[in-house]
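Structure at a glance
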Amino acid sequence: MDQIIIQDLSIYAKHGVYMEENILGQQFLVSVYMDLDLSMAGQTDNLEYTIDYGKVCHFVTKYMQEHTYKLIESAAENLAEELLLKYGQVKKIRIKVKKPWAPIGLPIKNVSVSVDRTRHSAYLSLGSNMGDRLAYIQKGIEELDALVSCKVCEQSEIIETEPYGNTDQDSFLNCVLRVETVLNPGQLLHVLHEIEAHADRKREVHWGPRTLDLDILFYDHITLNTPQLTIPHADLHNRRFVLEPLCEIAPWYQHPVLHQSVQQLYDRMEQNHD
């Protein structure tokens, strides 16, 4: 991956644990490393296909001066997120914040913090079998895409499916999305639960009827197992209403635990039901 590097931008700002640091301020040196594809910029010699690093410098300076953090870890974290949100073509970013005047009472050149943050890709399933099913799904997609932290990149067709697990209920409408997000898995789950709540989702019956159901199927190629969240989704390989629309937009995607593509999982499920 290509990279734009801004090295040791000098900024006078007010960050630190001690009150005098927040009031008087001090010098910070900020470096920014942005991973992105610069091939078109190189071939066309056109600024449209790259990022104006002068504007980035002014943005970073303004951000560091308009905000105050006790920890340079927080300054680096929040600055990285802001830059990822502002520049959609950046796939990965590293922020390094140096503090030359750290008040530690010993001779030292500087202390620094470096954070790496990445734009993530996630596959989500949406389902509804209560009320105006299509309206609930469309509204859920619109809410997701309206978030500055998420971008809907691909959407499957919306299909009608029979209920799964608890079959004594109305049929569902289902689809799958691929989103890009700067949120970590826990943050993304929280956002999905908020969108479900906006649709008056009630969690009263396991596998029961619902106005809107949003699940994380895959997140990058990670595996995660906590009481709150399992990635990949634990039962997706058994669910036609997930695999069928997923095959439409990502048949090649490799399940990081089962080590089979989505298309292979779908074909195997179909064979088992014959």
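Look above for the structure.
These numbers come from a predicted model, not from an experiment. (Residues numbered from 1 in each chain as written. Predicted model: local features only at pLDDT ≥ 70, side-chain atom pairs only at ≥ 80, totals over all residues. Heavy atoms only, no water.)

1. Some remarks on the overall build of the protein chain
- Within the protein chain, the secondary structure is distributed over eight helices and 11 strands.
- Principal-axis analysis of the C-alpha atoms places the extent of the protein chain at approximately 75 × 45 × 35 Å.
- Buried positions account for 45% of the 274 residues belonging to the protein chain.
- In the structure as shown, the protein chain presents an accessible area of about 14,800 Å², 50% of it carried by carbon and sulfur atoms. (Helix = DSSP H or I, 4+ residues; strand = E, 2+ residues; numbered from the N terminus. Buried < 20%, exposed > 50% of the residue type's maximum accessible area, 1.4 Å probe, protein only. Areas by Shrake-Rupley, 256 points an atom, 1.4 Å probe, with all protein chains shown as cover.)

2. Side note on the packing of helix α5 (residues 133–146) against helix α6 (residues 185–198)
- α6 packs onto α5 with a crossing angle of 140° between their chain directions and a minimal axis gap of 10 Å. Taken together, the axes of α5 and α6 lie oblique to each other. The hand of the α5/α6 crossing is right-handed. Here α5 contributes Gly-140, Glu-143 and Leu-144 to the contact with α6, which in turn contributes Leu-192, Ile-195 and His-198.
- In terms of residue class, the contact of α5 with α6 is built from three nonpolar, two polar and one charged. (Axes fitted to C-alpha atoms, helices over the stretch in contact; angles between N-to-C directions. Parallel < 35°, antiparallel > 145°, perpendicular 65-115°, else oblique. Left-handed = near helix turned anticlockwise from the far one by under 90°. Contact = heavy atoms within 4.5 Å. Nonpolar A, V, L, I, M, F, W, Y, C, P; charged D, E, K, R; others polar.)

3. Comments concerning the sheet that holds strand β4 (residues 111–118)
- Sheet architecture is open: four strands sit in the order β1-β2-β3-β4, paired in antiparallel fashion. Edge positions in the sheet fall to β1 (2–13) and β4, since each of these pairs with one other strand and no more. Along the sheet, successive strands turn relative to each other by an average axial angle of 15°, direction set aside.
- With 10 bridges connecting them, β1 and strand β2 (residues 26–36) associate as antiparallel partners. Bridged to Ile-4 within β2 is Met-34. (Pairing = 2+ DSSP bridges.)

4. Comments concerning the nonpolar core
- Core analysis: the largest hydrophobic core is formed by 32 residues, its most contacted members being Val-60 and Ile-95.
- Residue assignment for this core shows that the elements contributing at least two residues are β1, β2, α3 (53–66), α4 (72–86), β3 (92–99) and β4.
- Among the elements that line this core, the one with the most residues is α4, at seven residues.
- With residues near it in sequence (within four places) discarded, Val-60 still touches Leu-9, Ile-11, Val-30, Val-32, Leu-79 and Leu-83.
- Among the nonpolar cores identified, the runner-up in size contains 25 residues, and Leu-126, Ile-137, Leu-192 and Tyr-219 belong to it. (Core = buried A, V, L, I, M, F, W, Y, C linked by side-chain atoms within 4.5 Å.)

5. Examining the side chain of Lys-98
- By the secondary structure assignment, Lys-98 is in strand β3.
- For Lys-98, a relative accessible area of 15% puts it in the buried group.

6. Focus: α3
- Its 14 residues give α3 an end-to-end C-alpha distance of 20 Å, which sits within 8% of 20 Å, the value for a rise of 1.5 Å per residue.
- Turning to α3, its buried residues number three or more, namely Val-56, Val-60, Tyr-63 and Met-64. All buried residues of α3 fall inside an arc of 95° around its axis, so they share one side. Seen from the open side of α3, the exposed residues pointing more than 90 degrees away from its buried face are Lys-55, His-58, Lys-62 and Glu-66.
- If you follow the buried residues of α3, they end up packed against β1, β2, α4 and β3.
- Between the side-chain oxygen of the N-cap and the backbone nitrogen of Gly-54 there are 2.9 Å, and the N-cap of α3 in question is Asp-52. (Expected span 1.5 Å × (residues − 1). Arc of directions from axis to C-beta. Polar contact = N/O pair within 3.5 Å; in protein donor to acceptor, adjacent residues only side chain to side chain.)

7. Concerning α5
- The first and last C-alpha atoms of α5 sit 20 Å apart over 14 residues, in line with the 20 Å expected at 1.5 Å per residue.
- Along α5, the residues classified as buried are Ile-137, Gly-140, Ile-141, Glu-143 and Leu-144. Take α5 and look down its axis: the buried residues cluster within an arc of 160°, on one side only. Summarising the geometry of α5, the exposed residues directed more than 90 degrees from the buried face are Glu-142 and Ala-146.
- On the buried face of α5, the contacting elements are β5 (120–128), β6 (150–155), β8 (172–181) and α6.

8. What about the side chain of Arg-119?
- Here Arg-119 lies in the loop between β4 and β5.
- Glu-180 provides the closest opposite charge to the buried, unpaired Arg-119, separated from it by 4.3 Å.
- Engagement of the side chain of Arg-119 in a polar contact is seen with the backbone oxygen of Leu-84, the distance being 2.5 Å.
- In terms of polar contacts, Arg-119 uses its side chain to reach the backbone carbonyl oxygen of Tyr-87, at 2.9 Å.
- Setting aside anything within four residues of it in sequence, one finds Arg-119 in contact with Leu-84, Tyr-87, Gly-88, Val-90, Lys-91, Glu-180, Thr-181 and Val-182. (Lys, Arg positive; Asp, Glu negative; His and termini not counted. Salt bridge = Lys/Arg side-chain N within 4 Å of Asp/Glu carboxyl O.)

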